[in-house]
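# Remarks on the overall topology
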Amino acid sequence: MLRDDLTHRLQSAVERLKGSVIADTDYSVEFTEPKNPAHGDFATAFALTNSKTTGAPPPLVARALAEALQADSTFTSASAVSPGFVNVTLSDAYLAEWTVRSHRRGEALALSETDRPLKVLVEFVSANPNGPIHVGHGRGAAYGDSLARLLEATGHKVSREFYANDGTNSLQMQLFALSVRSRYRELVGLPPDFPEGGYAGDYIGQIAEEIRAARGDLHGEDGLEFWQPIAQDMMTHWQRRDLEAMHVVFDTWISEQSLHDSGKVAECMERLKQSGVIYEEDGALWLASSKFGDDKDRIVVRSNGQPTYIASDIAYHKDKFDRGWEHLINVWGADHHGYIARASAAIQALGYPKDALEILVMQLVRFLQGNEVVPMSKRSGDMVTLRELMEDVGPDVARFFYLMRSHDTHMDFDLDLAREHSEKNPVYYIQYAHARICSLLEKAKEAGFVADETCASDLADPAERDLIKKVCDLPFEVRRSAQLREVHRMTTYAIELARTYHNFYEKCRVLAPENPERTRARLLLCELTRSALRATFSILGISAPEKM
RNA sequence: GCCCCCGUAGCUCAGGGGAUAGAGCAACUGCCUUCUAAGCAGUGGGCCACAGGUUCGAAUCCUGUCGGGGGCGCCA
């Protein structure tokens, strides 16, 4: 990619200074985009950042470096500036070359190969199957899926997994099933038997209705052994359907109960006992998690003989490794951050390296309507479901809004702004850039113009140069976003790319019969931009409309 | 008490060691007889919570204080 090529050129310029101007050791070398366009296309603070090791004053090093860079025809200018920056300008020919190379890649422009491709399992959402996916889960859904897309774009083998805490001994799950049964009994004319602390949401009644439609009227007296699996299956079906409405599709759905049923949990406990990381005390079995960085040891099997959720969680992570995944990413809500230490301890107790499990925490999202915070409670059923959000604003707007903010920061989701089908809504800003290009390319086709690589050297206008640089930066942005797990960088990039195109569109008329070479060159740039936009949207999981 | 996240424009948030701190929304001013005005250009608006420290250089890193959100179970 262009960035790597520039870095190599900078590196070789630095090499030439070693032993004479600067000390002969390893240096970190980097070009950055200057904020001020008057400072050229790229800049490096090499002389400043390495001032401790070069053994020479920054201004002197900067001057020597600028001179060395001038020997490379890529740079039409390279100037040292106080206190030690070197600003460079790229030649039009160089940018033309990269325009052509990037254009040939099409949407594959976004792809880059990592040095170390891994088999990565991304587990996210993992909501309990006792309620619908709501808009709070939506953030993790959008983030996890787009992170998976970023990892795929950088050459990793990725799978998306949803883990359901559906243990039959779970009080929550039992209450859920009993709540559904009570509503069902009402439907078939039996007296309700709503449990203490049960689930009050309207969806409970809808689940009951769907079960009645599928199973008939004969189950009002049945117990948990009937109701628990039936109610959970129906809820899981809803969850899958609602996530798919936002274009989040999981490769695997794993059931906690299945780990018990298959004996994997018991097997795993036995193994840990044998390796001496589980001990007995007060009648319970404890994991010596404090030996692996946790605050204290944790109970894995209660004194009544029932395993805790940690037991199945340990078995679950072992199972992930057993299935051949080398790197595990868990996307968790902020309310689970207190469990990171014990999860990490668990995999270490199993004998896996600490860094094989990466837990990414999503901070909470609040929904604002007007100036009011929308309340969210599964127990009372007081919530906005993801399904409602899809019907309200659709998957494009929802995903973009979720991804606009860093996953690591709290965010307010402005429902009023999301509902705006106008220029106020930033999603339409970026999609409009794509639709504009499509319309323009259609017009060009009708007029008989075809993009032409051999005309690329005609691109020299500042607006054209800005657009080329921005487009060619796509693989760099993808690589950085993937490495940092910062999906929101891609929304920022999308907005910048769209802005740069809109600016180009205003300043540079594309279709100009009196100047066919320039027209063909600009069409090439438009096609390239369209590919870059599509590839970016694809990572964000939003559509690329051709007309708006 | 301990742990995580946050405090940047009126609001929501980018930027997370470098040059003059940005975007969207809100306010205001211009630009459609030519490829989509869901666009562009511009104006106003900031002790980057506060106090120390590290550094040639701090919104950015460290410590502390204040303020907000979340979490600390033989619940999942």
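Provided above is the structure to which this section pertains.
Now for a look at the structure at hand. What you are looking at is a predicted structure, and each value in this text was computed from that prediction instead of being measured.

What counts as what
- Starting afresh in each chain, residues are numbered from 1 along the sequence in its written order.
- A letter from A marks each chain and a number from 1 marks each ligand, given out in the order of writing.
- Reporting in this predicted model follows two pLDDT cut-offs: at least 70 for local features of residues, and 80 or more for side-chain atom pairs to be given and counted; totals over whole chains, interfaces and linings ignore these cut-offs and use all residues.
- Side-chain measures here rest on the full set of heavy atoms in the structure, leaving out hydrogens and waters.
- Being near a molecule or strand, for a residue, means having at least one of its heavy atoms within 4 Å of it.
- In the analysis that follows, any N or O atom pair within 3.5 Å is treated as a polar contact, provided that within protein one partner can donate a hydrogen and the other can accept it, and provided that, for residues neighboring in sequence, both atoms belong to side chains.
- For helices the rule is a DSSP run of H or I covering at least 4 residues; for strands it is a run of E covering at least 2, with both sets numbered from the N terminus onward.
- A pair of aromatic rings is counted whenever rings of Phe, Tyr or Trp (Trp by its six-membered ring) have centres within 6.5 Å, and the orientation is called stacked for planes under 30 degrees apart, edge-to-face for over 60 and tilted otherwise.
- Here the term buried applies to any residue with accessible area under 20% of the maximum for its type, exposed to any over 50%, and partly exposed to those in between, with areas from a 1.4 Å probe on protein chains only.
- Between N-to-C directions, angles span 0 to 180 degrees; the directions come from axes that are lines fitted to C-alpha atoms, helices contributing only their stretch in contact.
- Relative orientations are named as follows: roughly parallel for angles under 35 degrees, roughly antiparallel for angles over 145 degrees, roughly perpendicular for angles from 65 to 115 degrees, and oblique for any other angle.
- Residue contacts are defined here by distance: any two heavy atoms, one from each residue, within 4.5 Å place the two residues in contact.
- Side-chain classes are defined by residue name, with Ala, Val, Leu, Ile, Met, Phe, Trp, Tyr, Cys and Pro counting as nonpolar, Asp, Glu, Lys and Arg as charged, and the others, Gly among them, as polar.
- By the convention used here, strands pair only if DSSP detects at least 2 bridges between them.
- Joining through side-chain atoms within 4.5 Å is the link that ties buried Ala, Val, Leu, Ile, Met, Phe, Trp, Tyr and Cys residues into a set, and such a set is a nonpolar core.

## Looking at the protein's contact with RNA strand B
Arg302, Tyr339, Arg405, Tyr432 and Arg436 are the nearest of the 59 residues found near RNA strand B. One of the side-chain N or O atoms of Asn36 is found 2.7 Å from a base oxygen in RNA strand B. Elements that contribute at least two residues to the surface near RNA strand B include exactly helix 2 (46-49), strand 3 (85-90), strand 14 (411-414), helix 16 (426-446) and helix 19 (488-507).

## Describing the packing of aromatic side chains
According to the stated counting rule, one finds 21 aromatic pairs in the structure shown. Between Phe162 and Trp253, the aromatic rings sit 4.1 Å apart at their centres with planes inclined by 20°, giving stacked as the arrangement. You can see Phe162 sitting in strand 5 (residues 157-164) and its partner Trp253 sitting in strand 6 (residues 252-255), a full 91 residues away along the chain. On the basis of relative accessible area, Trp253 is assigned to the partly exposed category, the value being 21%. The interplanar angle of 45° and the centroid separation of 6.2 Å between the aromatic rings of Tyr501 and Tyr505 together place this pair among those described as tilted.

## Notes on the packing of helix 11 (residues 264-274) against helix 12 (residues 309-322)
For the pair helix 11 and helix 12, interaxial distance at closest approach is 9 Å and the crossing angle is 90°. Considering the angle they form, helix 11 stands roughly perpendicular to helix 12. On helix 12, the residues touching Lys264, Val265, Cys268, Met269, Arg271 and Leu272 of helix 11 are Ala311, Ser312, Ile314, Ala315, Lys318 and Asp319. A class-by-class count of the residues in the contact of helix 11 with helix 12 yields seven nonpolar, one polar and four charged.

## Here's the deal with the sheet that holds strand 12 (residues 365-369)
Overall, mixed pairing links the three strands, which are arranged 13-12-14 in an open sheet. Two strands lie at the open edges of the sheet, namely strand 13 (372-373) and strand 14, each paired on one side alone. Inspection of the sheet shows strand 12 paired to strand 14 by four bridges, in the parallel sense. In the sheet register, Phe367 faces strand 14, and the bridge partner there is Phe413.

## A look at the environment of Ser170
Here Ser170 is to be found in the loop between strand 5 and helix 7 (171-187). Since its relative accessible area comes to 25%, Ser170 is described here as partly exposed. It is 18 Å that separates the C-alpha atoms of Ser170 and Phe194, two residues lying 24 residues apart in sequence.

## Some thoughts on the nonpolar core
In terms of nonpolar packing, the biggest core is built from 119 residues, with Leu69, Leu389, Tyr402 and Phe413 touching the most fellow members. Apart from the residues lying within four places of it in its own chain, the contact partners of Tyr402 are Val135, Gly138, Arg139, Ala142, Met246, Phe367, Leu386, Leu389, Met411 and Phe413. Ranked by size, the runner-up nonpolar core spans 21 residues in total, among them Met269, Leu285, Val301 and Ala349.

## Comments concerning the pairing of strand 8 (residues 284-287)
Burial along strand 8 is two-sided: the residues Ala284 and Trp286 and Leu285 and Leu287 are all buried. The pairing of strand 7 (residues 278-281) with strand 8 spans four bridges and is classified as antiparallel. Opposite Glu280, over in strand 8, you have Leu285 as the bridge partner. Sheet topology note: the strand 8/strand 9 (residues 298-301) ladder contains three bridges and is antiparallel. Bridge assignment links Leu287 to a residue of strand 9, and that residue is Arg298.

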